[in-house]
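Given next are the chains, with one letter for each unit.
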Amino acid sequence: MTELLEVTNLDARYGAIQVLRGINFNVNEGEVVVILGANGAGKTTTLRALCGMVSTGGSVKLRGQEIRGRDTADIVRLGVAHVPQGRGTFPELSVMDNLNLGAYVRKDRKVVDEDLERWFEAFPRLKERRTQVAGSLSGGEQQMLAVARAMMGRPTLLFLDEPSLGLAPLIIEDLFRRFSEINKETGTTMLIVEQNANLALNIASRGYVIESGRIELSGSAEELRTNDAVREAYLGA
Amino acid sequence: MTATVQGSGRGRALITAREGSAQHRTFQFVGWGIFALFAVIVPYTLPNFRVSQFGQAIAFGVIILGINLIIGYSGLLSLGHIAFAGAGAYTTMILVNDNRWDYWMTWPVVIVICFAFGVLIGLPALRIQGLYLALITIALAYTFPILLKIDEWGISTTTGGDNGRTIGEVLRPPSWARSLFLLNSKNPQQQQAIYQFICFFGVAFVTFVLVRNLIKSRPGRGIIAIRDNQIGAAVSGVAIARYKVIAFGISAAIAGIGGSLLAINLASVGPSSFDFRYAILTLMGLVLGGVATLHGNWIGGILLVFLQDLASRVEFTAIPFFKIERGSPLTQAVFGLILVLVAFFAPGGLMSLAKKVKVKIIRVIPNPPTAPGGASVLADGTPVAEGELTGAAR
Amino acid sequence: MQLFLQRVFDGLNNGAAYAVVAIALVLIFKATTLINFAQANMAMFGTYLTWMLATQQGFPIWGAIFAAMLLTAAGGAVIERVLIRPFDPTNHLPVVLITLGLSLILEAIAGWKWGLEFHRFPSPFPAKPTDFISIGGARLRYETVGTLVTMFVMLGVLYLILNRTKVGLAFRAVSSNTESSRLVGVKVGPTLMFGWALAAAFGTLGGTLVARQTNLEPAFMAKLVIFAFAAATLGGLDSIGGAVIGAFIVAMIQSLLVGYAQQIPGLQWMKSNYALVIAFVVILVVLLFKPAGLYGTKRIERV
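Summary of the structure given here. Computed from a prediction, not measured in an experiment: that's the story for all the values here.

Calculation rules
- Per chain, residues are indexed from 1 in the order of the written sequence.
- Numbering of ligands from 1 and lettering of chains from A proceed in the order in which they are written.
- It should be noted that, the model being predicted, local features are given only for residues of pLDDT at least 70 and side-chain atom pairs only at 80 or more, the latter also being counted only at that level, while totals for whole chains, interfaces and linings use all residues.
- Working from all heavy atoms in the structure, the side-chain values ignore hydrogens and water.
- Contact criterion: two residues are considered in contact whenever any of their non-hydrogen atoms come within 4.5 Å of each other.
- Buried area counts how much accessible surface, traced with a 1.4 Å probe, disappears from two parts once they are put together, with both parts' losses summed.
- One speaks of a salt bridge when a side-chain nitrogen belonging to Lys or Arg is within 4 Å of a carboxyl oxygen belonging to Asp or Glu.
- Between N or O atoms, a polar contact is any pair within 3.5 Å; within protein, one atom must be a potential hydrogen donor and the other a potential acceptor, and residues adjacent in sequence are included only when both atoms are from side chains.
- Each helix is a run of H or I in the DSSP string that is no shorter than four residues. Each strand is a run of E no shorter than two, and both are numbered from the N terminus.
- Following the grouping adopted for this structure description, the nonpolar residues are Ala, Val, Leu, Ile, Met, Phe, Trp, Tyr, Cys and Pro, the charged ones are Asp, Glu, Lys and Arg, and the polar ones are all others, Gly among them.
- Accessibility here uses a 1.4 Å probe with only protein chains present; expressed as a share of the type maximum, an area under 20% marks a residue as buried, one over 50% as exposed, and anything in between as partly exposed.

### Remarks on the interface of chain C and chain A
Here's step 1: Listed as interface residues are 17 residues of chain C and, on the opposing side, 24 residues of chain A.
Here's step 2: For the pairing of chain C and chain A, the buried interface totals around 1800 Å² over both sides, and the portion due to carbon and sulfur atoms is 61%.
Here's step 3: The interface formed by chain C and chain A holds three salt bridges in total.
Here's step 4: At the boundary of chain C with chain A, the tally comes to nine residue pairs in polar contact (both at pLDDT 80 or more).
Here's step 5: Of all the secondary-structure elements, those providing two or more residues to the side of chain C that touches chain A are helix H6 (166-176) and helix H7 (178-183) of chain C.
Here's step 6: Considering each element in turn, the side of chain C that touches chain A owes the most residues, six residues, to H6(C).
Here's step 7: Split into classes, the residues belonging to the side of chain C that touches chain A amount to six nonpolar, six polar and five charged.

### Regarding the interface of chain B and chain C
Here's step 1: Contacts between the two partners involve 48 residues from chain B, matched on the other side by 49 residues from chain C.
Here's step 2: For the interface between chain B and chain C, the tally reads zero salt bridges.
Here's step 3: Between the two partners, chain B and chain C, sit one residue pair in polar contact (both at pLDDT 80 or more).
Here's step 4: Mapped by element, the contributors of at least two residues to the side of chain B that touches chain C are helix H5 (130-148), helix H10 (230-235), helix H11 (240-266), helix H12 (276-289) and helix H14 (330-345) of chain B.
Here's step 5: Of all the elements, H5(B) adds the most residues to the side of chain B that touches chain C, at twelve residues.
Here's step 6: For the side of chain B that touches chain C, a count of residues per class yields 36 nonpolar, seven polar and five charged.

### Considering the arrangement of the chains
Here's step 1: The interface with the highest contact count, out of two pairs of chains in contact, is the one between chains B and C.
Here's step 2: Separated throughout, chain A and chain B approach each other most closely at a C-alpha pair spaced 15 Å apart.

### Some remarks on the side chain of Ser180(C)
Here's step 1: Looking at the element boundaries, Ser180(C) is found in helix H7.
Here's step 2: For Ser180(C), the side chain forms a polar contact with the main-chain oxygen of Gly88(A), separated by 2.6 Å.
Here's step 3: Within the structure, the side chain of Ser180(C) is placed 3.2 Å from the side chain of Asn177(C), a separation counted as a polar contact.
Here's step 4: Non-local contacts of Ser180(C), meaning those with residues more than four positions away in its chain, are made with Pro84(A), Gly88(A), Thr89(A), Phe90(A) and Arg149(A).

### Notes on the environment of Thr166(B)
Residue and element names in this part refer to chain B.
Here's step 1: Relative to the helices and strands, Thr166 resides in strand S2 (residues 165-166).
Here's step 2: The exposure class assigned to Thr166 is exposed, which follows from its relative accessible area of 57%.
Here's step 3: On a C-alpha basis, the gap between Thr166 and Phe344 in space is 41 Å, while along the polypeptide they are 178 residues apart.
Here's step 4: Other than its neighbours up to four places away in sequence, Thr166 contacts Asn97, Ala267 and Ser268.

Dropping the structure here:
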């Protein structure tokens, strides 16, 4: 297993407030890794820090190349896609436009068109609504749009920030099933950050638990699932 | 007694002193002394027209104080406060000329009218945010002079229309003042000039103290809280709407007083003193002096008056291509350039530079709020035992 | 009837011109939520450039207009890069200072270089006294038709740029959700430069469309921009289509109201500065009751 992402001693702050205090973790190619944590623990900040959206210290290496401190747009061009909390769709733009934006950095127009077709097949509801403005879609549909948009960039590494937030349980189940499918079919590495961990741990191979800006636990998905503290705090057992 | 210095230690200060200590008090005393000296030197040694100019600077200083209250301390981008100054000036002029009022008697009326005017503008401002507010208030500054020139309903006859009107009265020193301020040896023009300056100076001092106390008071801190974090303030129980409207009212009233001072200083009022151009100039004075500082507005007033004076006399003919003749439109470019440069290099105005200098001279260590012996105390002074919960946490 | 039609035609003429300038304001507001207080004098400067090229360098009028549009576009891009980008867009005071300062500087330079007197501006359209179509007794000037056509053409060009080009897509993305546009790899800075360049070009064009009627002097756009602001505000500061509709509404109100008000005793004072006051009232009313305008996106309101 080759290492895709290596994070060492990562700090992150918003102004004077330090949120991450020297976290260490890694993600290998093809894996689905989960980061669990309560509200305010620093999960979202972690993903934002990896994308260069907050002020950081420490080291983040993508395929051995240091990306910490680099511009978000540059990091994205290296094959990283991020579905932010709240989907991050372009609400006034059409579904088509949203998807085309996902492929913004790509130059191979023909293949992009093929990809569009492929994702329309995977999410037929998006195809139906392709000329509608993204803001008029339901929560679940927007989440699918956000994921499809991220995949349109053919990323090697996909970040998902609390994808289940605000969605009905059935939709969440469907969503995570699709994540697993995508990971198996395309081999896209995934780093998922979640509060409610059941489904996430089901599709993941490894996980970390973050608390107050520090990684407190790490292990395989199985280990975390059976860990008492984790079960109490995050699995509602 | 010097305390040990901790903390950022960005270069050592010359003197380090505890708040309230003898050294601190001396430093403050010296500051006030310089200030008082200024108050004496200007009127008694300078020629009349200069004294009058300083008086004008004080008048503008008061206007800018009003603007500082709304933009600096309340965070509301009102760029049209010059209209309130104009309202004050015209009110004074009308009462003095047409109703034969004594000058000082016009003040209560000015305060009430300008406060009301401010509230009138402040109410819609509740629904308008940020740059939209700037837009709307610029439009106000634009429109105010136009309203003064309306021919209908006798408006322009009262206001004097385009040319404005002169003020029939001047500030004549009463006999007790003549003795107190050693004026009896001077000729009438000098007496007037000195007396006017002294009155203005007194007004400036009083408004300074009033505003300083206002800022420190509960409502003052409330409006600053709104400026910095509206949601946080609301959650803490600050009545946002009421505070904002009152902020408009008070700042308008202060600007109105400034306008009234300006009127008596210039001995006339006209729409061109309260138009868009002056809206920009007073804004420039504010940012040059220092937004949200207690002294910046006075510096702004001085700069405004003397920069204008300079600008009207400047001539730069050395380089043929960049020749600036007297009164050339390029002098306006200088004001624009000042605005841009201030935004880039000195957003805190001259006061922020002054603070940097002060920090090199003296470093004041504030006293922590503890009872003697070092135990923590509640707000009313009752001591708290270790480990005991206080206040909301209980 | 004839008078009414004449007023309508005047309204169309002004409306088209206000629309073009309003679009400039909307473009910048859409992308950055900033109000460009220098827009008026940027347009003025571009119009002076046009005038200089046309009358002193012998350019044909439309050549001069296009050249000036290109030059001001470049200027707009530079302004964004040098004067606007260094500042945090959420702190409004520096931006106000910068754009106001720039406005003063531009006006001063224009006055210094080209003098404070009024100049005749060559018309982009046939404008002899006989150049009109008679409809119902009223005169529909060729100039009015030309201005309208120009406005439609520019709208078409804008539509193509925004919807059929990559940079246009990037611009719409930045306007919609700046953070997400970074996440798809859009370089926000250069995209904003593009937006400012476009806005500057539109501003210049708008200036050249009205200059003939108002005559050219350094303050001519400053006096008119409030109408464009009213139009943009009415339409919803981030809606291009809204700005166009708003522009015609404002122009029509002015044209019709003024004409008829003159006949109502007690309202005669409206004559010289009516238009300004109307524009001011429009802005005030819209911001008070419907801050999102007719077509703008609603933002969460706070007290």
